[in-house]
Amino acid sequence: MPETLKNGDSTGESAAANPARDAAQGFLLQQYQTIEADTQRLRQEGATRLNILVALIAGVAAATVTVVTSASLTAVTKAAVGYGAFASVLIFTLLCYRYFIEREITTDSNFRALSRIRRYYADLYPPAAKYISWGTHDGPTHQVLHNQSFVLVAVRHLIAIQVAAGLGVALTAIGVAHLVSILAAVVSYGVAILALRWWSR
């Protein structure tokens, strides 16, 4: 007697004589390869954009310091250049953070879709289930559940550093004591981290 599978099909001759199921399996394999390729693209794209963002921030910071320390500019011009550059970089970084959140959602959806396809083949032939190295459960990934994506964490800290530095410099510029400015910067850093974690939930 041929072995009966969980989905009602059976191994042996009856399993080979099911063109509809064979077509579905071929489609699932093609879909698996497409989703896996898209997932790899998203991961590489995320790393590339993070490197570009860090390089951009470093470049703008260096250029701003050069302009602000120039002796030929007035104090008002220096302040305008400094805060203009700060605001532009902060807004751009926030937009990047939003993109990275959407990227994580898409990547998680891809991982779950791949898990469902692997689960189909595990149920189709249970003896092979123990050889499937990746998960077969349809649930959120660890990075999404614990909000610990490396890219999101890195950008989150970049934004928090910008907020803290901007606030500290602004308070010092208007005559606030250095200790108070430092404490305010530290507090704003923590608040920014918490707010960004809540945003990416």
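Summarised in this report is the structure supplied together with it. (Residues numbered from 1 in each chain as written. Predicted model: local features only at pLDDT ≥ 70, side-chain atom pairs only at ≥ 80, totals over all residues. Heavy atoms only, no water.)

### So, the pattern of salt bridges
Side chains that differ in sign of charge can pair as their charged atoms come close.
Moving on, step 1. In the structure shown here, the tally under the stated rule is six salt bridges.
Moving on, step 2. Its salt-bridge partner being R41, residue E45 comes within 3.2 Å of it at the nearest N-O pair. In this pair, E45 and R41 both sit in helix α2 (residues 19–68), four residues apart, roughly one turn of the helix.
Moving on, step 3. A residue is classified by how much of its surface remains accessible, and E45, at 23% relative accessible area, is partly exposed.
Moving on, step 4. One salt-bridge network, held together by shared partners, links D38, R41 and E45. (Salt bridge = Lys/Arg side-chain N within 4 Å of Asp/Glu carboxyl O. Helix = DSSP H or I, 4+ residues; strand = E, 2+ residues; numbered from the N terminus. Buried < 20%, exposed > 50% of the residue type's maximum accessible area, 1.4 Å probe, protein only.)

### Here's the deal with the side chain of N110
Moving on, step 1. Its place among the elements puts N110 in helix α3 (residues 75–124).
Moving on, step 2. Taking relative accessible area as the criterion, N110 reaches 11% and is therefore assigned buried.
Moving on, step 3. Once residues within four sequence positions are removed from consideration, N110 is found in contact with I35, D38, T39 and L42. (Contact = heavy atoms within 4.5 Å.)

### Thoughts on the nonpolar core
Looking at soluble globular proteins, one finds that nonpolar side chains tend to be buried together.
Moving on, step 1. Of all hydrophobic cores here, the largest spans 15 residues; its most connected members are Y97, F100, V155 and I159.
Moving on, step 2. For this core, the secondary structure elements donating two or more residues are α2, α3 and α5 (150–173).
Moving on, step 3. The element contributing the most residues to this core is α3, with seven residues.
Moving on, step 4. Those residues in contact with V155 that sit more than four places away from it in its chain are L50, L53, T93, Y97 and F100.
Moving on, step 5. Counting residues in each nonpolar core, the second largest holds six residues, with Y32, I35, A113 and L114 among its members. (Core = buried A, V, L, I, M, F, W, Y, C linked by side-chain atoms within 4.5 Å.)

### Notes on the environment of G168
Moving on, step 1. Mapped onto the elements of the fold, G168 is located in helix α5.
Moving on, step 2. C-alpha separation for the pair G168 and V180, spaced 12 residues apart in sequence, amounts to 8.7 Å.
Moving on, step 3. Discounting residues that sit within four places of it in the chain, G168 has contacts with S181 and A185.

### As for the packing of aromatic side chains
Moving on, step 1. Summed over all chains, the structure comprises three aromatic pairs.
Moving on, step 2. Centre to centre, the rings of Y120 and Y121 are 5.1 Å apart; their planes meet at 85°, and the pair counts as edge-to-face.
Moving on, step 3. Classification of Y121 by relative accessible area gives partly exposed; the value is 21%. (Phe/Tyr/Trp six-rings, centres within 6.5 Å; stacked < 30°, edge-to-face > 60°.)

### Some remarks on the packing of α2 against α3
Moving on, step 1. Between α2 and α3, the shortest axis-to-axis distance is 9 Å and the interhelical angle comes to 165°. The orientation of α2 with respect to α3, classified from their angle, is roughly antiparallel. Our pair here, α2 against α3, has a crossing hand that is left-handed.
Moving on, step 2. Along the lines of polarity and charge, the residues of the contact of α2 with α3 split into 26 nonpolar, 10 polar and nine charged. (Axes fitted to C-alpha atoms, helices over the stretch in contact; angles between N-to-C directions. Parallel < 35°, antiparallel > 145°, perpendicular 65-115°, else oblique. Left-handed = near helix turned anticlockwise from the far one by under 90°. Nonpolar A, V, L, I, M, F, W, Y, C, P; charged D, E, K, R; others polar.)

### Comments concerning α5
Moving on, step 1. Across its 24 residues, α5 extends 34 Å between first and last C-alpha, which sits within 8% of the 34 Å expected from 1.5 Å per residue.
Moving on, step 2. Within α5, burial applies to V151, L152, V155, R156, I159, A160, Q162, A164, G166, G168 and L171.
Moving on, step 3. Here the buried face of α5 lies against α2, α3 and α6 (178–199). (Expected span 1.5 Å × (residues − 1).)

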